[in-house]
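# Observations on the model geometry
The primary structure of each chain is shown beneath.
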Amino acid sequence: MTYATDGYKLWMDYKTISDSALLKEYQSLIGSVQTYGNSETMKKATTEIYNGISGILGMKNQKLDGKFSIILGSYNNLPKTIAQQLSQELENLNEEGYLIKSFSNHIVITAKTDIGVLYGTFNFLKRLQTHQSIENLNILDSPKIDLRILNHWDNLDRTVERGYAGFSLWNWHQLPEYKDARYEDYARANASIGINGTVLTNVNSNALVLTPQYLEKVKALADIFRPYGLKVYLTARFSAPIEIGGLTTADPLDANVKAWWKNKVEEIYTYIPDFGGFLVKANSEGQPGPQNYGRNHVDGANMMAEALAPFNGVVMWRAFVYSEHDTTDRAKQAYSEFVPHDGEFQDNVIIQVKNGPIDFQPREPFHPMFGAMPNTNLMIEFQITQEYMGGATHLVYQPKLFEEVFESDTYQKGKGSTVAKVIDGSLDNKKITGVAGVSNIGTDRNWTGHHFLQANWYGFGRLAWNPYLNSEDIAKEWVRMTFTNKEESVNKLTDIMIASREAVVNYMTPLGLHHIMATGHHYGPGPWVSDLSRPEWNPVYYHKADNNGVGFDRTPSGSNATAQYAPEVATMFNNLETCPEQDLLWFHHVPWTYKLKSGHTLWDGLALKYQKGVNEVAEMQATWNQLENEVDTQRFNEVNMLLSIQYKEAKWWRDACLLYFQQFSKMKLPQGVEEPKHTLEYYKSLQFPYAPGIRPQW
Ligand code: GCW
């Protein structure tokens with residue numbers, strides 16, 4: 001089998017342009033390449049620009065003799081005559097930003113730092129890959145977010161929690177001596193989209209990674225990643241002082257515990273001088289934390305922050321907490337625990353909040369904490385891996401979801417206080433800002449299991465750099481770099497991607513339904529599940545279907561979760577007339593006979609949405625089939641097979657959910673909705689003990 005189109009090269013294939021007119025034009029414009037500076041990062045930028053240009057221009061061993069010389073270098077390294085002309089513009093960049101500027105017979109790619117130059121290099125190559133003009137360039141671009149981070153839920157045994165693309169990239173057993181070439185390819189791919197941090201280990205953490213045996217291995221990875229501007233972070237198990245430190249307590253106020261963390265952090269920095277810091281999941285789903293000692297999140301986070309502060313390290317402290325002892329609506333619990341502590345966290349603590357108040361569902365309203373902690377650093381966490389969206393089997397273009405969340409208006413300071421403004425820090429002038437994405441990458445040859453899911457890694461990076469970008473533009477740019485520049489095909493491929501997000505919502509959880517998946521693996525429907533030990537793990541807790549209707553009343557007559565939003569937002573959600581229908585059953589328990597805006601009853605509307613989701617997948621398949629001669633055979637066939645599975649599973653979701661809810665509505669399926677092929681008992685009987693990414697308890 002040929003690996004030419006196996007997807008390994010991601011969006012950096014640098015194939016020679018087939019449009020001969022454009023090829024000639026670029027060849028006439030691009031001349032000699034000159035690079036200034038000799039840091040490791042500049043070496044990478046130099047290799048990249050040569051490989052990129054010679055590949056794209058099809059001039060592997062030929063001299064480039066176009067009109068403009070391409071000049072790369074950070075401001076301090078550029079020849080004075082050139083640097084002087086750019087000094088003013090560079091003022092407007094931050095440390096990682098870059099300037100690409102045409103003047104006289106040069107195209108200059110410069111920045112304050114070498115890493116900025118590397119980012120600029122990738123941007124310049126992207127212009128060629130996407131067939132844009134390279135004349136009169138004047139591009140000034142800086143990231144709007146400080147920490148742009150992948151979170152790997154990778155275990156030390158190389159399994160990946162909620163991972164669907166093979167095993168962990170990190171071969172801990174062979175590290176530090178054996179350095180898989182893939183480590184560098186990984187770092188390079190991240191740099192190409194501006195990702196500047198990676199948390200190597202699962203938030204359900206193992207303290208062993210903090211021992212010298214593993215720190216040597218972490219160091220080996222950090223050394224490979226460093227030239228690409230990619231910092232390494234680790235998850236810190238709160239009970240590590242007991243497990244690997246021999247202490248009898250992990251109480252954050254205990255002097256010995258504090259000293260242990262201080263020493264541990266100092267030790268880590270001897271291995272990795274630019275170590276990024278810790279990510280901590282504490283007192284959540286059984287993980288240890290400060291509450292085990294009667295302390296709170298502030299005590300825990302600040303204790304670690306003090307140890308990291310002398311080295312400029314940060315603590316990313318997760319707000320994903322809910323407790324079986326708390327009888328209030330799970331959607332309210334993180335806010336209740338954290339918001340009273342606004343302003344109490346150290347400057348180098350950043351609270352990491354999932355995009356919605358439950359857990360990475362196909363659609364959730366934005367998390368109310370985003371509009372409620374003006375005096376605390378807050379970062380957003382997305383899940384790029386598709387725990388609740390069909391694993392790596394379903395084509396779901398997630399930047400649509402990310403964009404929807406960023407555009408949501410918190411009204412924290414009146415209209416226009418979008419989540420993007422909270423996260424980029426502009427609303428409240430935050431000290432540190434960040435965006436995290438739970439990685440969908442593994443050892444699969446194409447990295448993400450499904451060719452199209454590479455676009456989610458790509459789009460995550462682009463939106464972490466700039467949360468105001470348009471997800472459709474990102475899709476187009478990815479398609480052009482990964483598949484084709486042919487206009488008609490670009491549009492078709494983009495159509496598939498854009499449609500895919502609403503499709504998955506429709507065939508899994510339309511109209512605000514949520515958390516109705518099967519237990520453990522979370523793959524496939526399970527709205528009937530009601531026997532798990534913790535009430536809030538059961539789907540019935542979330543949909544509350546009964547003979548009267550369906551949905552979770554979170555208005556003042558119910559859990560009153562809406563009170564956690566700004567009054568304008570709460571009022572909108574509370575009122576059935578103004579609550580967006582896409583969130584209807586998230587906020588309201590609605591009678592089956594309720595009239596939707598379309599005029600359909602809720603039951604009919606729900607059934608039609610499920611059917612619509614299935615139809616949308618069929619349309620995605622039809623569009624894909626039109627592309628058979630436009631994309632390479634390997635990827636065409638692989639995506640084709642996956643789309644067939646997605647179609648089959650969309651029908652499974654529709655049929656299982658509708659049969660289940662029909663027991664309560666006792667209404668017939670409306671016209672246009674296909675009858676299920678099997679009985680409800682059949683769907684309930686399906687088991688998947690070896691589904692990938694599994695975490696058995698919940
Ligand atoms: O809901 C859960 C997932 C867990 C995950 C957890 C979290 C890493 O099912 O697998 O644990 O979210 O985000 O901490």
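These numbers come from a predicted model, not from an experiment.

## Thoughts on the overall build of the chain
- For the chain, the count of helices and strands is 21 helices and 15 strands.
- For the chain, long-range pairs separated by at least 24 residues make up 72% of all intrachain contacts whose partners lie at least 6 apart in sequence.
- For the chain, the accessible area works out to roughly 25,700 Å², and carbon and sulfur atoms hold 48% of it.
- Distance from the positive charge centre (64 side chains) to the negative charge centre (78 side chains) of the chain: 2 Å.

## Some points on the sheet that holds strand β2 (residues 68-72)
- As summarised here, the arrangement of the five strands in space is β1-β2-β4-β3-β5, forming an open sheet in which the pairing is mixed. What marks the edges here is a single partner per strand, and that holds for β1 (30-35) and β5 (138-141). Within the sheet, the average angular offset between the axes of one strand and its neighbour, ignoring direction, is 15 degrees.
- Across six bridges, strand β3 (residues 98-103) lies against strand β4 (residues 106-111) in antiparallel orientation. Note on β4: the bridge partner recorded for tyrosine 98 is alanine 111.

## Some details on the domain arrangement of the chain
- Domain boundaries assigned for the chain yield domain 1 (20-141), domain 2 (147-472) and domain 3 (505-552 + 589-685).
- Computed from C-alpha atoms alone, the centre-to-centre distance between domain 1 and domain 3 is 49 Å.

## Quick word on the site of the ligand
- Around the ligand, a shell composed of 17 residues is seen, among which Glu161, Lys281, Lys354, Asp359 and Glu387 lie nearest.
- Here an oxygen atom of the ligand and a side-chain polar atom of arginine 162 are 2.9 Å apart.
- Computed on the free molecule, the ligand has an accessible area of 340 Å², of which 99% lies beneath the protein chains in the complex.
- Among the residues making up the shell around the ligand, the classes are represented as five nonpolar, three polar and nine charged.

## Here we look at the nonpolar core
- Residues Phe124 and Phe661 are the most contacted members of the largest nonpolar core, which totals 227 residues.
- By residue number, the principal contributor to this core is helix α20 (residues 633-665), which donates 13 residues.
- Not counting the four nearest positions on each side in its chain, phenylalanine 124 is found in contact with Ile30, Ile49, Ile53, Ile70, Ile100, Ile107, Ile109, Ile134 and Leu137.
- In terms of nonpolar packing, the next biggest core, distinct from the first, is built from 10 residues, Leu78, Ile82, Leu93 and Phe103 among them.

## Concerning the sheet that holds strand β7 (residues 197-199)
- Spatial strand order, β6-β7-β8-β9-β10-β11-β12-β13: eight strands in a closed barrel with parallel pairing. On average, adjacent strands in this sheet sit at an angle of 25 degrees to one another, irrespective of strand direction.
- The strands touched by helix α6 (residues 212-225) are β7 and β8 (231-235); relative to β8, the strand with the most contacts, the crossing angle is about 150 degrees.
- Across the sheet, helix α13 (residues 454-465) touches β6 (147-151), β12 (378-383) and β13 (434-438), and the angle it forms with β6 is around 155 degrees.

Rules used in this analysis
- Residues numbered from 1 in each chain as written.
- Predicted model: local features only at pLDDT ≥ 70, side-chain atom pairs only at ≥ 80, totals over all residues.
- Heavy atoms only, no water.
- Helix = DSSP H or I, 4+ residues; strand = E, 2+ residues; numbered from the N terminus.
- Contact = heavy atoms within 4.5 Å.
- Areas by Shrake-Rupley, 256 points an atom, 1.4 Å probe, with all protein chains shown as cover.
- Lys, Arg positive; Asp, Glu negative; His and termini not counted.
- Charge placed at Lys NZ, Arg CZ, Asp CG, Glu CD.
- Pairing = 2+ DSSP bridges.
- Axes fitted to C-alpha atoms, helices over the stretch in contact; angles between N-to-C directions.
- Domains from an automatic or database assignment.
- Near = heavy atom within 4 Å.
- Polar contact = N/O pair within 3.5 Å; in protein donor to acceptor, adjacent residues only side chain to side chain.
- Nonpolar A, V, L, I, M, F, W, Y, C, P; charged D, E, K, R; others polar.
- Core = buried A, V, L, I, M, F, W, Y, C linked by side-chain atoms within 4.5 Å.
- Buried < 20%, exposed > 50% of the residue type's maximum accessible area, 1.4 Å probe, protein only.

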